[in-house]
Amino acid sequence: MKCTYNKSEKLKSEKLITKLFTEGKSVSAYPLRLVYLETTFTEAVSAKTGVSVPKRNFKKAVDRIRIKRVMREAYRLNKQNVFNNITTQFAFMILYIGKEKPSYNQVESATKKAFNKFLAKHTENK
RNA sequence: UAAGUAUUUCGCCUUAUCGCUGUUUUAGUAAUAAAAUGGAGGAAAGUCCGAACACCAUAGUGCAACAUAGUGGUUAAUGGCCACCAGUCGUGAGGCUAGGAAAAGUGCAACAGAAAGUAUGUACAGGUAAUGCUGUAGUGAAACCAGGUAAACUCUAUGUGGUGCAAUGUCAUGUAAACUAAUGCUUGAGCGUGCACGCGCGAUGUUAGAGGGUAGGCAGCUAAAGUGUAUUGGUAACAAUGCACGUAGAUAAAUGAUAAGGGCUUUUUCUUUAUAGAAAGAGUACAGAAUUCGGCUUAUAGAUAUACUUCAUCA
RNA sequence: GGCCUCGUAGUUCAACUGGAUAGAAUAUCAGAUUUCGGCUCUGAGGGUUGGAGGUUCGAACCCUCUCGAGGUCA
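Residues numbered from 1 in each chain as written. Chains lettered and ligands numbered in written order. Predicted model: local features only at pLDDT ≥ 70, side-chain atom pairs only at ≥ 80, totals over all residues. Heavy atoms only, no water.

## Regarding the sheet that holds strand β3 (residues 47–52)
Using the following cut-off: By the convention used here, strands pair only if DSSP detects at least 2 bridges between them. Helix and strand definitions here come from DSSP, where helices need a minimum of 4 consecutive H or I residues and strands a minimum of 2 consecutive E residues; each element is numbered from the N-terminal end. Lines are fitted to the C-alpha atoms to define the axes, a helix being fitted only along its stretch in contact, and any angle between axes, read from their N-to-C directions, falls within 0 to 180 degrees. Any two residues whose heavy atoms approach within 4.5 Å at even a single point are treated as in contact.
Ordered in space as β1-β2-β4-β3, the 4 strands form an open sheet in which the pairing is mixed. Whereas interior strands pair on both sides, the edge strands pair on one side only; in this sheet they are β1 (25–29) and β3. For this sheet the average axis-to-axis angle between neighbouring strands, irrespective of direction, equals 20°. Note: strand β2 (residues 32–39) against strand β4 (residues 89–96), 8 bridges, orientation antiparallel. Its bridge partner lying in β4, E38 is registered against F90. Along the sheet, helix α3 (residues 104–125) contacts β1, β2 and β4; its crossing angle with β1, the most-contacted strand, is approximately 140°.

Structure follows, in structure tokens:
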């Protein structure tokens, strides 16, 4: 399987996002926060994921877009680890809660940490 | 050389690996896969002007409201741009200017001052038969009969119908033509985005409240008052003609990430008579399309070319 | 993407429509009172009226540009 992140894997439905934020659980690994919810899709993908950077902390569009690109990249390269350990379908939303512009390495390590926490919690519940 | 003034152009590059997205072709029932080929800016920004385009009477009359304001030109259009005149700032190259009307009318002018508009009188001097009759001083931004202020109301001239791609059309999904209050049913409530008239619509109505449902796809959506260049006309803005090019289309929102190398700028150290060379470090801006154009304004590391100026300095 | 509104001491508001040291409360600081602290009383500091430019004799107020904050729409 390849390290892709195309349209069908993006979280787009406004309904599902609302549901995710009201019913979903979260783990945080500074400067990231991962919100997740177990659900089902019509498409054959393991998860749908969205990324978000608040306008409150980053006023310039350039900064927001840059951080989102980095976050998507980190997710793309590290999602295999998650997919190999879950059986059902999930919706994810990754939020950037820091206030400083990050480097790629910081984001990548935080992403790994967040997903490890998520997997630990998930398997514990089972 | 230095310090400036005005304008022009550019605003990082290469390779490897892994990706995102539009279009086309091939394979496939389809999901999708493979290949080829496009994929941010000079300001994409602010939304300050002007248009295109769409809908509402293919847009009407009057009033109100708003905008503009030297003269001429330019343009699809403008409050933009160009030329000239005037004023003003600068030694100068040049910069800036909402730059019509105060004898149509209304208003405003604190403090100071005799007096700020229905005028009136202090000191000194002059003058007269006599008197603010005349000049100067003093107050103030403005003071002998007039002025100032219109980015105060106003007048004049010109212009503007309103709303905006979340317009608008269409397909799909779903619910509540229900509830409460007011008002109205041809003697007409209200709607058509300021008011009146007019025209059109109008009863399973309209307005308000509290709620229920959907919040997805497609079209609009990118070839355009287009860009580059040459010639001609014009002081110029700009126009005409020829040739070449065919130029992003996302929607929780693509155009990227990582690594290596190289540019450019600069600091320190070393070598060298010097030019220069080597090593190490730092920096490499402002900023991200969202219907599309023409302007304006604002942000911007660093580089770049042309023309010009100077009480400068040197030859 | 479009449209609209608002910026005054650290904070909450004034300043009567252009007129002179921009005022009040609260907070802060100092002094008095108290054995000490609080309450109370007295006094002081604190503002280039978000920023820049213009109109005017004079601008918080009028105009232009800009920065920031908030609201609204199918």
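## Remarks on the protein's contact with RNA strand B
This is how it is decided: It suffices for a single heavy atom of a residue to lie within 4 Å of a molecule or strand for the residue to be listed as near it. Polar contact criterion, stated in full: a pair of N or O atoms within 3.5 Å, where within protein one must be able to donate a hydrogen and the other to accept it, and residues adjacent in sequence count only if both atoms are side-chain atoms. Charged residues are taken to be Asp, Glu, Lys and Arg, nonpolar residues to be Ala, Val, Leu, Ile, Met, Phe, Trp, Tyr, Cys and Pro, and polar residues to be all remaining types, Gly included.
What surrounds RNA strand B is a group of 24 residues, the closest being L11, R66, R69, R72 and R76. For RNA strand B, the fraction of protein-proximal atoms (within 4 Å) that sit in sugar or phosphate groups is 72%. K60 is positioned such that a nitrogen or oxygen atom in its side chain is 2.9 Å from a phosphate oxygen of RNA strand B. Here R66 contributes a side-chain N or O atom positioned 2.4 Å from a phosphate oxygen of RNA strand B. Where the surface near RNA strand B is concerned, the elements lending two or more residues are α1 (14–23) and α2 (61–83). The greatest single-element share of the surface near RNA strand B, amounting to 9 residues, is contributed by α2. Its residues placed into classes, the surface near RNA strand B shows 10 nonpolar, 2 polar and 12 charged.

## Re the pairing of β2
The cut-off we apply is this: A 1.4 Å probe rolled over the protein chains alone gives each residue an accessible area, and that area as a share of the maximum for its type sets the label: buried under 20%, exposed over 50%, partly exposed in between.
In terms of burial, β2 is largely enclosed, as 6 of its 8 residues are buried. The loop that links β1 with its antiparallel partner β2 comprises 2 residues.

## A look at the environment of I67
Inspection of the secondary structure assignment puts I67 in helix α2. For the pair I67 and S52, spaced 15 residues apart in sequence, the C-alpha to C-alpha distance is 9.0 Å. Contact partners of I67, with chain neighbours within four places excluded, come to V53, F58, Y96 and P102.

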